[in-house]
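Examining the three-dimensional arrangement
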Amino acid sequence: QVQLVESGGGLVQAGGSLRLSCGASGRTVRDLGMGWFRQAPGKEREFVAGISWSGGSTYIADSVKGRFTISRDNAKNRVYLQMNSLKPEDTAVYYCAGDLWGLGVAGAQKYSYWGQGTQVTVSS
């Protein structure tokens, strides 16, 4: 079993940046595809970004393309989401997730492991 813990969330003004980090314990994540999802109040959870087990493939949702970047450091068992040019509509709880298929593609049903989430609030 793997435990995922997100950090780095907080309050930021529009146009600012945050870097989310996802740490894993209990199991290596180097063979897992990893994804970031977010859920705003009253909305469904949506895919934000994903990365394959090797880091060779990344997937970014259209809504954040050009602003968000996903990366991983398998030696540190960590995954990152760099968020730039933040907008108020990016406000949500952000979740880190692990995919046993190793792909990191969209689709929450593909992910077996989930963190508890970290709040990101972007003020206008």
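Structural notes, computed from the coordinates. These figures come from a predicted structure and were not determined experimentally.

By definition, a disulfide links the sulfur atoms of two cysteine residues through a covalent bond. One pass over the full model with this rule turns up one disulfide. Residue cysteine 22 pairs covalently with cysteine 96 via a disulfide, S to S 2.0 Å. Across the S-S bond linking cysteine 22 and cysteine 96, the dihedral sits near -75°, which makes this disulfide left-handed. Here cysteine 22, found in strand S3 (residues 18-25), pairs with cysteine 96, found in strand S9 (residues 92-99); they are 74 residues apart in sequence, far enough to count as distant.

Here S3 runs beside strand S8 (residues 78-83); their pairing, made up of six bridges, is antiparallel. Counted as the bridge partner of serine 21 is tyrosine 80 from S8. As defined by bridge partners, strand S7 (residues 68-73) adjoins S8 across six bridges and the pair is classed as antiparallel. In the sheet register, aspartate 73 faces S8, and the bridge partner there is arginine 78. Between S7 and S8, which pair antiparallel one after the other, the connecting turn spans four residues, and asparagine 77 there sits at a positive phi close to 60°.

All right, on to the environment of aspartate 90 then. Along the chain, aspartate 90 turns up in the loop between S8 and S9. Given a relative accessible area of 0%, aspartate 90 falls into the buried group. When near neighbours in sequence (up to four residues on either side) are disregarded, aspartate 90 contacts Arg38, Val64, Arg67, Phe68, Ser85, Val120 and Val122.

This brings us to the pairing of S9. For S9, the tally of buried residues reaches seven of eight residues, placing the bulk of the element in the interior. Bridge count between S9 and strand S11 (residues 118-123): three bridges; the pairing is antiparallel. Counterpart to valine 93 in the pairing with S11 is glutamine 119. Pairing of S9 with strand S10 (residues 113-114), which is carried by two bridges, proceeds in the antiparallel orientation. When the sheet's bridge partners are listed, glycine 98 is paired in S10 with tyrosine 113.

Okay, the side chain of asparagine 77 next. Within the secondary structure layout, asparagine 77 lies in the loop between S7 and S8. There is a polar contact of 3.5 Å between the side chain of asparagine 77 and the side chain of threonine 28. Setting aside anything within four residues of it in sequence, one finds asparagine 77 in contact with Cys22, Gly23, Ala24, Arg27, Thr28, Val29 and Arg30.

Rules and cut-offs
Positions within a chain are numbered from 1, following the residues in the order the chain's sequence is written. In keeping with the predicted nature of the model, local features appear solely for residues at pLDDT of at least 70, side-chain atom pairs appear and are counted solely at 80 or more, and the whole-chain, interface and lining totals rest on all residues. No hydrogens and no water enter the side-chain calculation; it runs on all heavy atoms of the structure. Criterion for a disulfide: a pair of cysteine sulfur atoms at a distance within 2.5 Å. Only DSSP runs of H or I reaching four residues or more are called helices, and only runs of E reaching two or more are called strands; each is numbered from the N terminus. DSSP-based pairing: two strands are paired if at least 2 bridges between them are found. The buried label applies to any residue whose accessible area, calculated with a 1.4 Å probe on protein chains only, is under 20% of its type's maximum; exposed applies above 50%, and partly exposed to all values in between. Residues count as neighbours in contact if any of their non-hydrogen atoms are within 4.5 Å of one another. Any pair of nitrogen or oxygen atoms within 3.5 Å is treated as a polar contact; in protein, a donor-acceptor pairing is required on top of that, and neighbouring residues in sequence qualify only through side-chain atoms on both sides.

Everything listed is a geometric property; what it means functionally is a separate question.
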